[in-house]
Amino acid sequence: MRRREFLVLSAASVGGVLVYSLNRQLTRVSAQDGASQSIRVPLRFFTQSEALIVASATSRIFPTDNSGPGANEAGVVIYIDRQLSGPWGRDRHRYTQPPFDESTQEEFGYQGKASPREIYREALKALEGFDRLSADDQDRKLKEIEHTRFFELLRRNTIEGMFCDPLHGGNADMIGWQLIGFPGPQMSWRDDIDKHFGKAFRPKPMSLTQVVPGRKIQPSEDELDDKKI
């Protein structure tokens, strides 16, 4: 058991979007309120300093630029924190018995002993202070580790956090889906075929919880365990 830590986000950093916390609660942060307004997001795996490092690293992998919002606005660090706290982070669904042979990774995928949790935690030790570096220095640091298992996971998790269903903690306010024009998991377009026939049609994205309203989402075993802390 460890003391619960929080990641503090300002309204300016998330650009006025919905920020999903780790217990499926959400808070709307208004950009008009300025940087003075902040929210505290409960962390389930990362320490606060680790979360700041990951947030900075993911924002260099998927930065905010003229084409649209990036990892910070989408809450990617929250998505990664949630995944590491759950079964995936513990390697529950991967065969983890010896022999371990990382030389066969290209052919058979990762065959090492360390779980995603262990890979992240060990790698973040070497990145202490990363969030305080300039953008150019951060890019150089990431370049040095781009062929490591950690960077492979970080890059993949960043993309997942940008474009997952908001149910999983990332893609806040469906920012990623709006960026690429993905409408979400719609069940049918029957009502729209005649209405928009021959016209460009770009509907507002809908998450799974909106498409299937009233469906009760059962908490995971990790969330149930978390409530005991």
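Residues numbered from 1 in each chain as written. Predicted model: local features only at pLDDT ≥ 70, side-chain atom pairs only at ≥ 80, totals over all residues. Heavy atoms only, no water.

**Details of the overall build of the chain**
When its secondary structure is counted, the chain shows twelve helices and four strands. By residue count, 38% of the 229 residues in the chain fall in the buried class. Of the contacts formed within the chain by residues at least 6 apart in sequence, a portion of 65% connects residues at least 24 apart. Taken as a whole, the chain presents about 13,800 Å² of accessible surface, with 51% of it coming from carbon and sulfur. (Helix = DSSP H or I, 4+ residues; strand = E, 2+ residues; numbered from the N terminus. Buried < 20%, exposed > 50% of the residue type's maximum accessible area, 1.4 Å probe, protein only. Contact = heavy atoms within 4.5 Å. Areas by Shrake-Rupley, 256 points an atom, 1.4 Å probe, with all protein chains shown as cover.)

**Points about the pattern of salt bridges**
Within the structure shown, the criterion is met by eight salt bridges. The residue glutamate 122 makes a salt bridge to lysine 125 at a minimum N-O spacing of 3.4 Å. Residue glutamate 122 and its partner lysine 125 are both found in helix H6 (residues 116-126); the two are separated by three residues, about one turn of the helix. Comparing glutamate 122 with lysine 125, the two get one shared label, exposed. Put simply, aspartate 137 and arginine 140 hold a salt bridge, and the shortest N to O gap is 2.1 Å. Placement of both aspartate 137 and arginine 140 in helix H7 (residues 135-144) is noted, with a separation of three residues, approximately one turn of the helix. Overall, the relative accessible area of 32% leaves aspartate 137 in the partly exposed class. Looking at arginine 140, the relative accessible area reads 49%, which means it is partly exposed. (Salt bridge = Lys/Arg side-chain N within 4 Å of Asp/Glu carboxyl O.)

**Digging into the packing of H6 against helix H8 (residues 149-163)**
Where H6 meets H8, the axes come as close as 9 Å, and the angle between the chain directions of the two elements is 110°. With respect to each other, H6 and H8 are oriented roughly perpendicular. Across the interface between the two elements, Pro116, Ile119, Tyr120, Ala123 and Leu124 from H6 touch Arg149, Phe150, Leu153, Leu154 and Asn157 from H8. Here the residues of the contact of H6 with H8 sort into eight nonpolar, one polar and one charged. (Axes fitted to C-alpha atoms, helices over the stretch in contact; angles between N-to-C directions. Parallel < 35°, antiparallel > 145°, perpendicular 65-115°, else oblique. Nonpolar A, V, L, I, M, F, W, Y, C, P; charged D, E, K, R; others polar.)

**What about the confidence of the model for the chain?**
Low pLDDT marks stretches whose predicted atomic positions should not be read closely. On average, residues of the chain carry a pLDDT of 79, and 74% of them reach 70 or more. This stretch, residues 11-36, has a pLDDT under 50; its non-local contacts, to residues over four places away or in other chains, come to 71 contacts. (pLDDT = per-residue confidence, 0-100.)

**Re the environment of alanine 135**
Take alanine 135: it is sitting in helix H7. Residue classification places alanine 135 among the partly exposed positions, given a relative accessible area of 34%. For the pair formed by alanine 135 and serine 56, sequence separation is 79 residues and the distance between their alpha carbons is 9.0 Å.

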